[in-house]
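# Chains, contacts and geometry: an overview
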Amino acid sequence: MQRNSAYFLFLAVLAMLVIGVVMLFSTSAFAHDAHGDVYFFIKRQSLWLGIGLAVLIAAALVDYHFWYHTWWLWFLLALGTLALCFVPHFGLRINGSRRWVGAGPITFQPSEIAKIAAVFFLAWWFARFESRTRNLIFSFVIPIVATGLLVSLIITEVDLGTSALIGATTFVMMFVAGTNAILLGVFSASALGGFIFTATCMPERMSRLLAFLHPENLPYAHTDFIFPMIGEELGLRVSLLVVFLFIVIIVCGMMIALHAKDRFGMLLSCGIVSLLALQAAVNIGVTTSLLPNKGLPLPFISYGGSNLAACLFSVGILLNIYRQAKLEPGNKKRITMQSRMTPRI
């Protein structure tokens, strides 16, 4: 399985891209009503798909240690673009949220950059200061404060879903890196309470969270709620196939993490897999009325260019981590997963 994990990963992603394109054709009526062009979503998504495949190939070819040395550029870029959301003529207010930056027909969500920047930073931090994992400041306070800068801007945009996703991914990476599990448990409970309190203070967000009680009233069939459309149009078998494909991505991603040649590669793989897995799990949970609405698209399938490009970029990094581990003679630098992942309590 480990030898072919990259191939299974790529095939699973490719299959979901095909399903996504098929479903956008199926939901073309929404494009005609909103934009007067039946093929509006297909045209936009095809453009972003081309961009996404290009960045996937680039990320697969670039040594992943490049991100170890340039994490700070991505972090500053994320902070800068998130701040632009509040600048007139740059930031766009859509559906009550300032999540987009752009000019004319070209728009993107800076929060997608922030998700990747958070993973880059955490992987670099815990690889750089591995020997200080038992230190409270280095293993808990500084990572929380740094990722909190990104999350605070995203919450101000009124994007609770992405904020929760980055927070959950941070928890997973800190746990894998060996941060005190008790501290993480207490902090997670506090963060959940703060999330609920914030939602109750925003009537619009609270109405969206409670919308899962009435799923028939949700209009975004081509974006956040494309999974029910898959069941309606293509049947139970294809719906289960989508779930299975995400499981394949998770398993292959973890196999790549297990055999990464260094700690940075292992943490980077875990962070990427966490982002994709948690986003997919929340989306499927929301659309099946198991969870309150968080406004997260289904990776590789939902309409949304910046999310698609970010997901494909992440897959490209996983492929490069696989290539680097495979090219290393004998994998002599590899350390056991247990020694890297066992939390220190």
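For the structure itself, consult the block above.
What counts, and where the lines are drawn
- Residues numbered from 1 in each chain as written.
- Predicted model: local features only at pLDDT ≥ 70, side-chain atom pairs only at ≥ 80, totals over all residues.
- Heavy atoms only, no water.
- Core = buried A, V, L, I, M, F, W, Y, C linked by side-chain atoms within 4.5 Å.
- Buried < 20%, exposed > 50% of the residue type's maximum accessible area, 1.4 Å probe, protein only.
- Helix = DSSP H or I, 4+ residues; strand = E, 2+ residues; numbered from the N terminus.
- Axes fitted to C-alpha atoms, helices over the stretch in contact; angles between N-to-C directions.
- Parallel < 35°, antiparallel > 145°, perpendicular 65-115°, else oblique.
- Left-handed = near helix turned anticlockwise from the far one by under 90°.
- Contact = heavy atoms within 4.5 Å.
- Nonpolar A, V, L, I, M, F, W, Y, C, P; charged D, E, K, R; others polar.
- Polar contact = N/O pair within 3.5 Å; in protein donor to acceptor, adjacent residues only side chain to side chain.
- Patch = residues over 30% accessible without salt bridge, like charges linked within 9 Å, V, L, I, M, F, W, Y side chains within 5 Å.
- Areas by Shrake-Rupley, 256 points an atom, 1.4 Å probe, with all protein chains shown as cover.
- Salt bridge = Lys/Arg side-chain N within 4 Å of Asp/Glu carboxyl O.
- Phe/Tyr/Trp six-rings, centres within 6.5 Å; stacked < 30°, edge-to-face > 60°.
- Lys NZ or Arg CZ within 6 Å of the ring centre and 35° of its normal.

This part takes up the nonpolar core. Grouped together as the largest cluster of nonpolar side chains are 87 residues, with contacts concentrated most on Leu9, Ile249, Leu268, Leu298, Phe300 and Ile317. The leading source of residues in this core is helix H5 (residues 110-128), at 14 residues.

As a further point, take the packing of helix H4 (residues 65-84) against helix H6 (residues 136-156). Packing of H4 against H6 leaves a shortest axis separation of 10 Å and a crossing angle of 20°. Considering the angle they form, H4 stands roughly parallel to H6. H4 and H6 meet at a crossing whose hand is left-handed. Across the interface between the two elements, Phe75, Ala78, Leu79 and Leu82 from H4 touch Ala146, Leu149, Leu150, Leu153 and Ile154 from H6. The residue makeup of the contact of H4 with H6, split by class, is nine nonpolar, no polar and no charged.

Checked against the element boundaries, Thr81 lands in helix H4. Residue classification places Thr81 among the buried positions, given a relative accessible area of 8%. At a separation of 2.8 Å, a polar atom in the side chain of Thr81 contacts the main-chain carbonyl oxygen of Leu77. Setting aside residues up to four positions removed in sequence, Thr81 forms contacts with Val101, Phe108, Pro110 and Ile113.

The next thing to look at is a nonpolar patch on the surface. On the surface, Phe10, Leu11, Leu14, Val18, Val22 and Leu234 cluster together to form a nonpolar patch covering roughly 500 Å² of accessible area. Inspection of the secondary structure puts Leu234 in helix H10 (residues 226-234). Leu234 gets classed as partly exposed once you look at its relative accessible area, which sits at 36%.

Position of Trp74 among the secondary structure elements: in helix H4. You can call Trp74 partly exposed: its relative accessible area is 21%. For the pair Trp74 and Ile113, spaced 39 residues apart in the sequence, the C-alpha separation amounts to 7.5 Å. With residues up to four places along the chain from it excluded, the contact list for Trp74 reads Trp67, Ile113, Ala117, Phe120 and Phe313.

The next subject is the packing of H6 against helix H7 (residues 160-177). The N-to-C vectors of H6 and H7 enclose an angle of 165°; their axes lie 9 Å apart at closest approach. Looking at the two axes, H6 sits roughly antiparallel to H7. For the element pair H6 and H7, the recorded crossing hand is right-handed. For the pair formed by H6 and H7, the contact residues are Ser139, Phe140, Pro143, Ile144, Thr147, Val151, Ile154 and Ile155 on the first element and Leu160, Thr162, Ser163, Ile166, Thr170 and Met174 on the second. Residue composition of the contact of H6 with H7, grouped by class: nine nonpolar, five polar and no charged.

Turning next to unusual backbone geometry. Outside of glycine, negative phi angles account for most residues, and trans bonds account for most peptide bonds. Positive phi is not limited to glycine here, since Phe300 has a value of about 75°. Relative to the elements of secondary structure, Phe300 occurs in the loop between helix H12 (263-287) and helix H13 (305-327). Given the relative accessible area of 2%, Phe300 is considered buried.

So, on to the packing of aromatic side chains. All told, the structure shown has 21 aromatic pairs when counted by the stated rule. Taking 6.5 Å as the distance between ring centres and 80° as the angle between the ring planes, the aromatic pair formed by Tyr7 and Tyr322 counts as edge-to-face. Within this pair, whereas Tyr7 is found in helix H1 (residues 5-26), its partner Tyr322 is found in helix H13, the two being separated by 315 residues in sequence. Owing to a relative accessible area of 7%, Tyr322 belongs among the buried residues under this scheme. Ring centres 4.9 Å apart and planes at 80° place the aromatic pair Phe66 and Trp67 in the edge-to-face group. Note on Phe66: relative accessible area 41%, which makes it partly exposed. Grouping aromatic residues by their ring pairs yields a cluster made of Trp71, Phe75, Phe121, Trp124, Trp125, Phe129 and Phe138. Here the basic side chain of Arg128 rests over the ring of Phe129, its NZ or CZ set 4.9 Å away from the ring centre.

None of the figures reported here should be taken as evidence of function without further support.
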